[in-house]
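# Examination of the molecular architecture
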Amino acid sequence: MTSTPESRAGSGSRSGSLPGNGPAGNGPVRNDPVGNDPAPDGPTGNGPAGAPAHPRVVGADVERADARAKVAGRAPYAFEHPVERPCYAHAVLSSIPRGRVTAVDTGAARQEDGVLTVLTHENAERLASTEDAELAILQGPEVAFRGQVVAAVVAETPETARHAASLVRVSYATEPHESELKPGESELYRPESANGGADTDSVLGDLDAAMERAAADPDGVALDETYVTAMTHCHPMEPHATIAVWQGDELTLYDSSQSVHGHRDTLAKVFGIDRGRVHMICPYVGGGFGSKGEPHAHAVLAALAARALPGRAVKFALTRQQMFTLVGYRTPTYQRVRLAAGADGRLTGIGMDAVEQTSRIKEYAEQSANPTRVMYAAEHRRTTHRLAALDVPVPSWMRAPGECPGMFGPEVAMDELAERLGMDPVELRIRNDAPVDPESGKPFSSRNLVACLSEGARRFGWQDRDPRPGVRRDGRWLIGTGVASSAYPVNRMPGSVAAVQYVGDGRYQVDIGAADLGTGAWTVLAQVAADRLDIPLDAVELRLGDTALPRATVAGGSSGTAMWGSAIVAAARAFRKRHGHDPAPGDHAQAETPGNPHAERFAMHAFGAQFAEVRVDADTGEVRVPRLLGVFAAGRILNPRTARSQLVGGMTMGLSMALHEETVTDPRYGLLVNHDLANYHVTANADVRNIEAHWIDEDDPYVNPLGIKGIGEIGITGTAAAVVNAVRHATGVRVREVPVTLDKVLGGMASGERPGPVRARGGT
C-alpha cells in the first residue's frame, strides 16, 4: 500500500483549468472569515506584532503524539485500566427473534466456583428510565430480536464467567417475527426525520414529468434502476468494553467511547442520578467508526452488575460475536435512482427513493438520500426515505452514515447514464456540477468537485482510457477503470469547551473532553494549541477523554477536530487577552466553540473524486483492485500524516464495502449467520495494493476559525461505486449490488451480458 504527498494543484473549473466555485462563483476569497482570525496561516493575532515567535506547526507533518505510548503498551484502553478487586461479566443472549422469556434456570451456573451472581430480568435493578428500549436491559421478559441480552453471569475470572454463562438455560414462548427487509413485501412507513435531523423527503419541480420527457426524446435518456447495499457492521480493533465501579451513588465508568460527556448524560438518565455523579474516562479508543458514538447495552449491563456487587469493579468486554447484535450496524438499503438527461448529458431530473430497515423497538433512519440532494444540478428533484420496522437489532451509525450507502446508487447510475449517452463519465459529472446548492439555492462556501475530478483524472491517467467495456486483457485478467464522486457535509455541533492554563516553566495545559479514536486528535489539537498560543509544540500538555474535563461534542460526523479545535482557538485567544504573554502559574481561561455567522448563508461540504482500477479473472470472476486513487477538497489540512491516514483508511473501508462486507440473515430464525470475523470478510493487507490519497489546497474561511472540513468519512463515500463502475468497464457486466461477489460477475458473464451500443460522443 502506498500514499503520496498532497496535491499542490489549485482548484479546477468545469474545464479543469480555472479556480473552482467559491461563495460568489469566482473562487475562494479571504475576506469575512469566521471567528475573527484573518490569517490562519500567519501570525495568530494573539502575540506581539510581526512574525510569530515560534515556527507554525499547523500544516506540518508531525509524528503522532500518542504513537510511542501505543507501541510500548503504555496507552490504556477501556478494559485495561487498573482497578481494585475486578470481577468479570459475560452476557447470555436470546436464541429466538421474538417472544418472551418464560423461565431462566441459573442453578448450574451459580454452583460454579468463582461465580458471584447471575442477573436476569427477575432480579436486576429497575432502571429509572426505559425510554430508550435499546438500553432497557433485563427490565422484562420480552425478547425483541435474536442476540438480545437475557441474562448475565459475573465471576472472579472471565473464563469462569463465560463458562457459567453457557450453563444458563433459558426457556421461551415464541411469537411470529419478520427479520428480512423485502421492499416489495415489508410494510413501509415514512419516518418524521432521518438521522441528524435530515428531512425525510424533498421535492422540487416534477421529476415524473422530466422522466417522461427524457424517455420521449430520441436522444435523451431516462434511467430508472434499483441499487442495493448490504447490511454491514463496524469492527473496530478494540471491542466494546466497560469497567463499572459504584461508590455509594456515584458511578465511574471506563468505557470505549466516542463521547464521554454524551455517554455520561445518557447513563445518568437511565440510572436516575445527577450527571455530576457519573464519571466517565476514556483517553484512548481503538477505533469506533460510529459504533461507539452512543452508549449501548453493554455499558448499562456493566453498571447493573457492579450495582449488584457493592465495592467490586465489574469488567465487561463484548465478544466479537456479541458485537454483531449489541452495538449497531449499517442498515441494508434499496435505492431506486432516476436520472433524466438530454443528449448533451445535462440532467433535467434526479431522484432517489431509499428503503431501509429499523428495529421495531427503536427507530433509526439512515439519511441515504442526502447525497442526491447536493451532488448535481437538475431542475426537477425528488428524494424520499421509507423504513420497515423489523424484529432485528437496532441499527446505528457506521462510518459516513447516509452518505456512504447513499453515494453508491447515484454514482453507479451516473456511470450507466454516461455509457448510454456515449459520454465520458468524468465529463458527465463536470457538466452537471452545481454552481449553488441544488435544493436550498445557497452558494457553496467552497466547492471544488471539478478540481478533484480533473486532478484525479490527470494523476490516474484517465485520458488514456479506452471507453469500451471488456476490451483490455492481461492473460486471463480483464482490466477496467472506474470513477465516482465523493461528498460529505460540514457538520456543526456546538457545545464544546476548551480550557487553557499556564502551569509554569513555559508550559501550558490544554483541557477538553474530546475523544481520539486513533484519528490523530492527540496530535492535531496540540498543534492548534501551540500555534494559537504561539509556543513550541512540546510546551503543550493536552488532556482528553474524561468527563472531569470541559465538555466536548461527539467524535462523529467528521466534526470533532473542527469543533474542538475552534474551542481551543477561542480559549487561546481568551487566555492571551486576559493574561498576555507573561502569565503567572495558575492563570487560566476557557471558551466555547464560537457561533458561525455564515452557517445560514452558505452550503458547506467537502468533495472528492475516486478512481479505481480492477482486474477480474475471466474464468472465476475473482475481482482484484490493484489501484485506488482519491483526490479531495476538504479545507485546510492540519497534519498531512494524520490526514492521509484517515483518507486511506476510509478508502480501504470503501473497498471492503465493494468486495467483501455483508452480514447475512437467516430469516427463518432471525439469525445473523456470519457473525464472526472468520465468515464476515473485511479487506486485509493482501487486498490493498496501491492506495493514493491526494488533496486540493482549498481555502475556505467560512466553515470555522481553522478553515477545516472533516476528513474521517469522505474517503469512504464514492469508493464502492468507483470499484463497481470499474468492474463494468472490465467485464461488460453491470452489478447493481454490493458486495461484488463471484456469482454476480460470473452470472452476468455466463448469461452473455455485454455492453449495449455506445454512442460516439466526445470525452473530457
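First, a word on scope: everything that follows refers to the structure included in this document. Keep in mind the model is a prediction, meaning the values are calculated, not measured. (Residues numbered from 1 in each chain as written. Predicted model: local features only at pLDDT ≥ 70, side-chain atom pairs only at ≥ 80, totals over all residues. Heavy atoms only, no water.)

A separate point is the sheet that holds strand 1 (residues 86–93). If you trace the 7 strands from one edge of the open sheet to the other, you get 3-5-1-15-12-13-14, paired in mixed fashion. Each edge of the sheet is formed by a strand with only one pairing partner; in this case those strands are strand 3 (115–120) and strand 14 (278–281). The sheet shows a mean angle of 20° between the axes of neighbouring strands, taken without regard to direction. The sheet contact formed by strand 1 and strand 15 (residues 313–317) spans 3 bridges and is parallel. For P86, the partnering residue across the bridge sits in strand 15 and is A313. (Pairing = 2+ DSSP bridges. Helix = DSSP H or I, 4+ residues; strand = E, 2+ residues; numbered from the N terminus. Axes fitted to C-alpha atoms, helices over the stretch in contact; angles between N-to-C directions.)

Read from one edge to the other, the open sheet built from 4 strands follows the order 23-22-21-24, with strand pairing classed as mixed. Pairing within the sheet leaves two strands with one partner each, and these edge strands are strand 23 (540–543) and strand 24 (588–592). Taking the axes of each pair of neighbouring strands and ignoring which way they run, one obtains an average angle of 20° across the sheet. Alignment of strand 22 (residues 507–511) against strand 23, held across 4 bridges, turns out to be parallel. Opposite V510, over in strand 23, you have L542 as the bridge partner. Strands strand 21 (497–504), strand 22 and strand 24 of the sheet are contacted by helix 13 (residues 560–579), whose axis makes an angle of about 140° with strand 24. (Contact = heavy atoms within 4.5 Å.)

When its volume is computed, the second largest pocket comes out at roughly 510 Å³. If you trace the second largest pocket, you find 24 residues lining it, with L93, S94, G147, Q322 and H675 closest to the centre. Split into classes, the residues belonging to the lining of the second largest pocket amount to 11 nonpolar, 11 polar and 2 charged. (1 Å grid on protein atoms, 1.4 Å probe; cavity = no way out; pocket = protein on both sides within 12 Å on 5 of 7 lines; lining within 4 Å. Points joined across faces, edges and corners; volume = space filled by probe spheres on them. Nonpolar A, V, L, I, M, F, W, Y, C, P; charged D, E, K, R; others polar.)

Before going further, it helps to examine the pairing of strand 29 (residues 691–695). Where burial is concerned, most of strand 29 is hidden: 5 out of the 5 residues are buried. Neither face of strand 29 is left uncovered, since the one carrying I691, A693 and W695 and the one carrying E692 and H694 both have all their residues buried. Here strand 26 (residues 623–633) pairs with strand 29 via 5 bridges, running parallel. Within the sheet, the bridge partner assigned to V631 lies in strand 29 and is H694. (Buried < 20%, exposed > 50% of the residue type's maximum accessible area, 1.4 Å probe, protein only.)

Bringing the packing of helix 14 (residues 640–659) against helix 15 (residues 719–731) into the picture now. Closest axis-to-axis distance for the helix 14/helix 15 pair is 7 Å, and the angle between their directions is 50°. Considering the angle they form, helix 14 stands oblique to helix 15. Between helix 14 and helix 15 the crossing geometry is right-handed. Between helix 14 and helix 15, the residues in contact are M651, G654, L655, M657, A658 and L659 and T719, A720 and V723, respectively. (Parallel < 35°, antiparallel > 145°, perpendicular 65-115°, else oblique. Left-handed = near helix turned anticlockwise from the far one by under 90°.)

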